[in-house]
Amino acid sequence: MVQAYILVQTEVGMADRVSADVSAIEGVVRVDIVTGPYDVVALTEAASADHLRTLVVSRVQRVAGITRTLTCSILTA
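Residues numbered from 1 in each chain as written. Predicted model: local features only at pLDDT ≥ 70, side-chain atom pairs only at ≥ 80, totals over all residues. Heavy atoms only, no water.

Asker: Explain the nonpolar core here, please?
Answerer: Considering soluble globular proteins, one finds that nonpolar side chains tend to be buried as a cluster. Residues Val18, Val22 and Ile66 are the most contacted members of the largest nonpolar core, which totals 19 residues. Counting residues per element, the ones that place at least two in this core are strand S1 (2–10), helix H1 (15–23), strand S2 (28–33), strand S3 (40–46) and helix H2 (49–59). If sequence neighbours within four positions are ignored, Val22 has contacts with Val28, Val31, Ala42, Val60, Val63 and Ile66. (Core = buried A, V, L, I, M, F, W, Y, C linked by side-chain atoms within 4.5 Å. Buried < 20%, exposed > 50% of the residue type's maximum accessible area, 1.4 Å probe, protein only. Helix = DSSP H or I, 4+ residues; strand = E, 2+ residues; numbered from the N terminus. Contact = heavy atoms within 4.5 Å.)

As structure tokens, then:
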């Protein structure tokens, strides 16, 4: 199992909608609206790195209102 945080920047005033839309995507475990340079942080989970890439590129980045994402893979010891 591969996990990653996706840091999301949204258009002004779109954090609530983006948060709701992203949370409905299969593989998204948790979504929080945050302050700072990013507006939304999503914790994701996938079977492999390839599945994670597909989740991010094919599903999350296509949500209306998202302007930029940064994916941070979780490394476990």
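Asker: Just to check I follow, could you spell out the pattern of salt bridges for this structure?
Answerer: Oppositely charged side chains may form a pair once their charged atoms are brought near each other. A complete count under the given rule lists two salt bridges for this structure. Of the charged contacts in the structure, one is a salt bridge between Asp21 and Arg17, with a shortest N-O distance of 3.7 Å. Taken together, the positions of Asp21 and Arg17, both in helix H1 and four residues apart, correspond to about one turn of that helix. Judged by its relative accessible area of 32%, Asp21 is partly exposed. In this structure, Arg30 and Asp32 form a salt bridge, with 2.7 Å as the shortest nitrogen-oxygen distance. The class for Asp32 is partly exposed, based on a relative accessible area of 28%. (Salt bridge = Lys/Arg side-chain N within 4 Å of Asp/Glu carboxyl O.)

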